[in-house]
Amino acid sequence: MKYKVHRVEVKTDNMQEKPEQFLTNLDGEVVTIIPNVRSTF
């Protein structure tokens, strides 16, 4: 089975809307969502 990997760039002002919009537009099954958290100093 083939899987597609998608990357959604978000910023602090669109952190809620952008992933929600992306997930609602997907067809098929979402296997997992892995956040990429960067620490800032």
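Everything numeric in this text was worked out from a predicted model, so none of it was measured. (Residues numbered from 1 in each chain as written. Predicted model: local features only at pLDDT ≥ 70, side-chain atom pairs only at ≥ 80, totals over all residues. Heavy atoms only, no water.)

Engineer: I keep staring at the overall build of the protein chain and nothing clicks. Help me out?
Structural biologist: A count of helices and strands for the protein chain gives one helix and zero strands. When its C-alpha atoms are laid out on the principal axes, the protein chain stretches across 40 × 20 × 10 Å. The buried share among the 41 residues of the protein chain stands at 0%. As displayed, the protein chain offers around 4,700 Å² of accessible surface, 54% of which is attributable to carbon and sulfur atoms. (Helix = DSSP H or I, 4+ residues; strand = E, 2+ residues; numbered from the N terminus. Buried < 20%, exposed > 50% of the residue type's maximum accessible area, 1.4 Å probe, protein only. Areas by Shrake-Rupley, 256 points an atom, 1.4 Å probe, with all protein chains shown as cover.)

Engineer: Looking at this structure, how should I read a nonpolar patch on the surface?
Structural biologist: Taken together, the side chains of Met1, Tyr3 and Val31 present a nonpolar region at the surface, about 450 Å² in accessible area. Relative to the helices and strands, tyrosine 3 is located in the segment before α1 (17-25). (Patch = residues over 30% accessible without salt bridge, like charges linked within 9 Å, V, L, I, M, F, W, Y side chains within 5 Å. Salt bridge = Lys/Arg side-chain N within 4 Å of Asp/Glu carboxyl O.)

Engineer: Would you take a moment to explain the layout of surface pockets for this structure?
Structural biologist: Over the atoms a probe the size of a water molecule is rolled, and this reveals where empty space is left. Approximately 1,300 Å³ is the volume attributed to the largest pocket. The wall of the largest pocket is formed by 28 residues, among which His6, Arg7, Thr32, Ile33 and Ile34 lie closest to the centre. Grouping the constituent residues of the lining of the largest pocket by class yields 16 nonpolar, five polar and seven charged. (1 Å grid on protein atoms, 1.4 Å probe; cavity = no way out; pocket = protein on both sides within 12 Å on 5 of 7 lines; lining within 4 Å. Points joined across faces, edges and corners; volume = space filled by probe spheres on them. Nonpolar A, V, L, I, M, F, W, Y, C, P; charged D, E, K, R; others polar.)

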